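One letter stands for each residue in the lines below.
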There are 2 protein chains.
Amino acid sequence: MTAYRDLRVALLGCGSVGAQVARLLLEQREELAARTGAGLQLVGIAVRNIDAPRDVELPRELFTTDAEQLVLGADIVVELMGGIEPARGLILRALEGGADVVTANKALIAAHGPELADAAEQVGAQLSYEAAVAGAIPIIRPLRESLAGDHITRVLGIVNGSTNYILDRMDRFGDSAEDAMRVASELGYLEADPTLDVEGYDAAQKATILASIAFHTEVPVEAVYREGITGITSAQIEAARHAGSVIKLLAIAERLTAADGTEGVSARVYPALIDRDHPLAAVHGGKNAVFVESEAAGELMFYGAGAGGIETASAVLGDLVSAARRHVAGGPGIPGSAHAELTVLPIGEVSTAYQIMLTVRDQPGVLATIASLLAEHGVSAASVEQSVTHDEEGTATLVIGTHQAREAELAATVEALRGSDAVTAVTSVLRLEGNS
Amino acid sequence: MTAYRDLRVALLGCGSVGAQVARLLLEQREELAARTGAGLQLVGIAVRNIDAPRDVELPRELFTTDAEQLVLGADIVVELMGGIEPARGLILRALEGGADVVTANKALIAAHGPELADAAEQVGAQLSYEAAVAGAIPIIRPLRESLAGDHITRVLGIVNGSTNYILDRMDRFGDSAEDAMRVASELGYLEADPTLDVEGYDAAQKATILASIAFHTEVPVEAVYREGITGITSAQIEAARHAGSVIKLLAIAERLTAADGTEGVSARVYPALIDRDHPLAAVHGGKNAVFVESEAAGELMFYGAGAGGIETASAVLGDLVSAARRHVAGGPGIPGSAHAELTVLPIGEVSTAYQIMLTVRDQPGVLATIASLLAEHGVSAASVEQSVTHDEEGTATLVIGTHQAREAELAATVEALRGSDAVTAVTSVLRLEGNS
């Protein structure tokens, strides 16, 4: 075999992912050398506390608390500390020194991706972050490379395992929202503060990254419309099932034409109804999947584990091997590509169908009132069903499925329903996704 | 923007895929230039008959019948003629001249992949064939690059859309085998000679390619064990459903340890039962999907269109963009990687569970006879069910689910059942796949 060049790999952080990456680098030295044409030499692991307990036993002499020093001499820096600083500063320093950088830090990429991509491009280095979205699933590389000759039109992702686990339990086992949350928490699916997951902040960060890559456009995380799953009730799950659908928290990135003709991009996160025959409906438990629609390839889906130390380490290793091959071959990394610079459009420009649940006064003429109210706002009903009558209160529950319309019109319709004398309460408003 | 270098792209073949590739190259000139940093100049299209009708209107001056001449001056050659010769000779000539080659030719890659990969490696050129397996689905690149730091243990693929369409109709609409075949044929899912599809030859070519890439080992197509779907009956579909399973034609590549301890690889194609909760069970109609199991990433699935001119053209374009970027950046292509050189093991070394359907004499002691016959061969029954009694003939139908055992033992068991006086006929033997 040919003599290998040694590449110096610096690891920043040694949590559940970092420890597995270190283990794999050490255990698979020869295999990785055969695959890359370079020896991947782990030169150090920067941590805050050298004596903290680790998932994996690693040589003590590898550990250092001096991340800045470690970064200086590295050919490839693997950042798995998480958070914005000092990760951002260390990555910028590494790139300025010509090192390739691999990171799994979704918060950082969502907030500072363009800045870091620019820094990489200026020195011809490679910045890769496959593990930042949907853990082990190869999605960044297929979007950036395999579909590079195609035009992506829409991306629908189940990118948060905790919320998918909760919704899946409610759907498949009939759990109440509280029970499903409790089980998810007991099984370690939820953080001590579950807000990041259940309010959709985590999914929004991933929507930003997916939208940026799919549409070659900077999409700031602040521009992502976001609703979480905390309001989702068993009644909504049941109404979804009755309509042949299932509720999933989706991160959506879509090419859109605004009402005024502007070509733009929408990025949004919300719980939505999706048809039970749609491939995303079969994504159970804590699994993730990203469904991609494009002009030429049509419909694609990428499915797998969205989290987990060893699973995520697989994605990090893939990026690491790619960076090593680039070092051996020479040549610059793939550029960050924000060349399209489309307008990021607000939620009001999105077109979807709605499922609306109402409590109405159970009296003659109510249906006619509601039908004409919809028509006034340019929204047409695809189905109306009276599901439950509450005789003692003189009210009934209606489930209305609308045809596709612009969000602004649908929102105005819901507002008008809320103000109508015939309507006691609007108990649920959910969008339908996944149809063309 | 920077000045672009022009790359000369030669297209060999202009069928349904070639015509779409040509169209996209011409229509998306500027977009592709922005994405690659190079102008992709379509310099010619080699065809047998310049006046043949095409799916897409293309400038007549691009066409030539002189493929050899066209290849000579090209930076990138896109081979979409199909068949072994002259495709193989033209690709070798292109690679010898230092051109990168993109092909969708599964028959050629299955038969001569290693030879072509060697030729590419010798001159540092890139040979890519994403479109050769599962059409539009990015699977080759994820296996070769994203999972490059992982260890793949098994690949289960639904890689033939025609047979999936037929089996899906039988399962979901209750069609007989003949009806499903007829509909598939009417809708253009089947070739005039459907043998390549229904007898599993097409899937076997893809199994070869998947096994070679997943395990860095040359797996000749002749070494792929192969059974088609022509024997599959409605009764088998029904028995599968009853067992909570569905029958899919699977192309399987698996790492195995033989009985004698040899580390090896198995590649095989057959219709198998798969649990209805398995993600592959939700792959309907003519869609394809490849399910990958690896040590670190766990379970991944890649889903999408397995055929179609425009869908396949998307995968070709992705390879083309990758080749163009490499030309701009310099450096060699990713090597073909047969460095593991594992032994290709015969079907007898595979371990699976079986579902066996028997017609037996409906008399006392039959079950005991069959149970002891299984035990003699070291096979243990997981379930035995008497499904139908044919009173007039004095026979009954038994469905036996076995625990996992080596194929050789299971085959011997089936042989012994066939020879038993208690057994009138063995009507179905199917393997169960997808369990760990």
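Note that the structure is predicted; figures quoted are calculated from it, not measured. (Residues numbered from 1 in each chain as written. Chains lettered and ligands numbered in written order. Predicted model: local features only at pLDDT ≥ 70, side-chain atom pairs only at ≥ 80, totals over all residues. Heavy atoms only, no water.)

## Thoughts on helix H12 (residues 309-329) of chain B
Residues and elements named next belong to chain B.
So, point 1. Here H12 spans 30 Å end to end across 21 residues, near enough to the 30 Å set by a 1.5 Å rise per residue.
So, point 2. Burial runs high along H12: 17 of the 21 residues are buried.
So, point 3. In the stretch just after H12, Gly330 is the one whose phi turns positive, near 80°. (Helix = DSSP H or I, 4+ residues; strand = E, 2+ residues; numbered from the N terminus. Expected span 1.5 Å × (residues − 1). Buried < 20%, exposed > 50% of the residue type's maximum accessible area, 1.4 Å probe, protein only.)

## Digging into the side chain of B:Gln236
So, point 1. Locating B:Gln236 in the fold gives a position in helix H11 (residues 234-242).
So, point 2. Filtering out sequence-adjacent residues up to four positions away, B:Gln236 remains in contact with B:Gly231, B:Ile247, B:Thr427, B:Ser428, B:Val429 and B:Leu430. (Contact = heavy atoms within 4.5 Å.)

## Some details on helix H10 (residues 201-215) of chain B
Residues and elements named next belong to chain B.
So, point 1. Taking 1.5 Å as the rise per residue, H10 with 15 residues should run 21 Å; its terminal C-alpha atoms sit 21 Å apart, in good agreement.
So, point 2. H10 sits mainly inside the fold: 13 of its 15 residues count as buried.
So, point 3. Positive backbone phi, at 50°, marks His216, one or two positions downstream of H10.

## Focus: the interface of chain B and chain A
So, point 1. Listed as interface residues are 50 residues of chain B and, on the opposing side, 50 residues of chain A.
So, point 2. Between chain B and chain A lies a buried interface of about 4200 Å² when both sides are counted; carbon and sulfur atoms form 55% of it.
So, point 3. The shortest N-O distance in the salt bridge between A:Arg141 and B:Glu145 comes to 3.4 Å.
So, point 4. Viewed at the interface, chain A and chain B are joined by 18 residue pairs in polar contact (both at pLDDT 80 or more).
So, point 5. For the side of chain B that touches chain A, the secondary structure elements donating two or more residues are helix H2 (29-36), helix H6 (140-146), strand E11 (287-294), strand E12 (298-305) and H12 of chain B.
So, point 6. Broken down by element, the side of chain B that touches chain A gets its largest block of residues, eight residues, from H12(B).
So, point 7. Residues that form the side of chain B that touches chain A fall into these classes: 25 nonpolar, 11 polar and 14 charged.
So, point 8. Bridge analysis of strand E12 (residues 298-305) of chain A against E12(B) gives five bridges, and the strand direction is antiparallel. Bridging across to E12(B), A:Tyr303 finds its partner in B:Met301. (Buried area = accessible area lost by both parts, 1.4 Å probe. Salt bridge = Lys/Arg side-chain N within 4 Å of Asp/Glu carboxyl O. Polar contact = N/O pair within 3.5 Å; in protein donor to acceptor, adjacent residues only side chain to side chain. Nonpolar A, V, L, I, M, F, W, Y, C, P; charged D, E, K, R; others polar. Pairing = 2+ DSSP bridges.)

## Structural notes on the nonpolar core
So, point 1. With 156 residues, the main nonpolar core has A:Ile139 and B:Ile139 as its most contacted residues.
So, point 2. A:Val246, A:Ile274, A:Tyr303 and B:Leu250 belong to the second-largest nonpolar core, a separate cluster that totals 40 residues. (Core = buried A, V, L, I, M, F, W, Y, C linked by side-chain atoms within 4.5 Å.)

## What to know about the UniProt feature "binding site: NADPH" (unreviewed entry) in chain A
So, point 1. The UniProt feature table records "binding site: NADPH" (unreviewed entry) at A:Lys106.
So, point 2. In this structure, A:Lys106 sits in helix H5 (residues 106-123). (UniProt positions renumbered as here; feature names shortened; annotations may be inferred.)

## A closer look at the pattern of salt bridges
Pairing between side chains becomes possible if they bear opposite charge and their charged atoms approach one another.
So, point 1. Scanning the model with the defined rule gives 58 salt bridges over all chains in all.
So, point 2. Residue B:Glu299 is joined to A:Lys287 by a salt bridge in which the shortest nitrogen-to-oxygen separation is 3.7 Å. Of this pair, B:Glu299 sits in strand E12 while A:Lys287 sits in strand E11 (residues 287-294), on two different chains.
So, point 3. Overlapping salt bridges bring together A:Arg141, A:Glu145, A:Asp319, B:Arg141, B:Glu145 and B:Asp319 as one network.

## Considering the sheet that holds strand E1 (residues 5-12) of chain A
All names here are of chain A.
So, point 1. Across the sheet, six strands lie side by side as E3-E2-E1-E4-E5-E6; this open sheet has parallel pairing. This sheet does not close on itself; its edge strands, each paired only once, are strand E3 (63-64) and strand E6 (127-128).
So, point 2. Summarising the sheet, E1 and strand E4 (residues 76-79) pair through four bridges and their orientation is parallel. Looking at the pairing, Leu11 lines up with Val78 of E4.
So, point 3. Taken strand by strand, helix H4 (residues 87-96) contacts E1, E4 and strand E5 (100-103), and its axis lies near 150° from that of E5. (Axes fitted to C-alpha atoms, helices over the stretch in contact; angles between N-to-C directions.)

## Brief notes about the packing of aromatic side chains
So, point 1. On inspection of all chains with the given rule, the structure shows five aromatic pairs over all chains.
So, point 2. A centroid spacing of 6.3 Å and a plane angle of 70° characterise the contact between A:Tyr225 and A:Tyr270, whose relative ring orientation is edge-to-face. In this pair, A:Tyr225 sits in strand E8 (residues 225-226) while A:Tyr270 sits in strand E10 (residues 263-275), placing the two residues 45 residues apart along the sequence.
So, point 3. The class for A:Tyr225 is partly exposed, based on a relative accessible area of 26%.
So, point 4. Taking the relative accessible area as the measure of exposure, A:Tyr270 reaches 0% and is therefore buried.
So, point 5. Summarising the aromatic geometry, the rings of A:Phe302 and B:Phe302 are spaced 6.1 Å apart at their centres and angled 90° between planes, so their arrangement reads as edge-to-face. Placement of A:Phe302 in strand E12 and of B:Phe302 in strand E12 is noted, with the two residues assigned to different chains.
So, point 6. What makes A:Phe302 buried here is its relative accessible area of 1%.
So, point 7. Over the ring of A:Tyr270 we find A:Arg431, and its NZ or CZ is 4.1 Å from the ring centre.
So, point 8. For the cation-ring pair, B:Arg226 lies above B:Tyr201, with the distance from its terminal atom to the ring centre recorded as 3.8 Å. (Phe/Tyr/Trp six-rings, centres within 6.5 Å; stacked < 30°, edge-to-face > 60°. Lys NZ or Arg CZ within 6 Å of the ring centre and 35° of its normal.)

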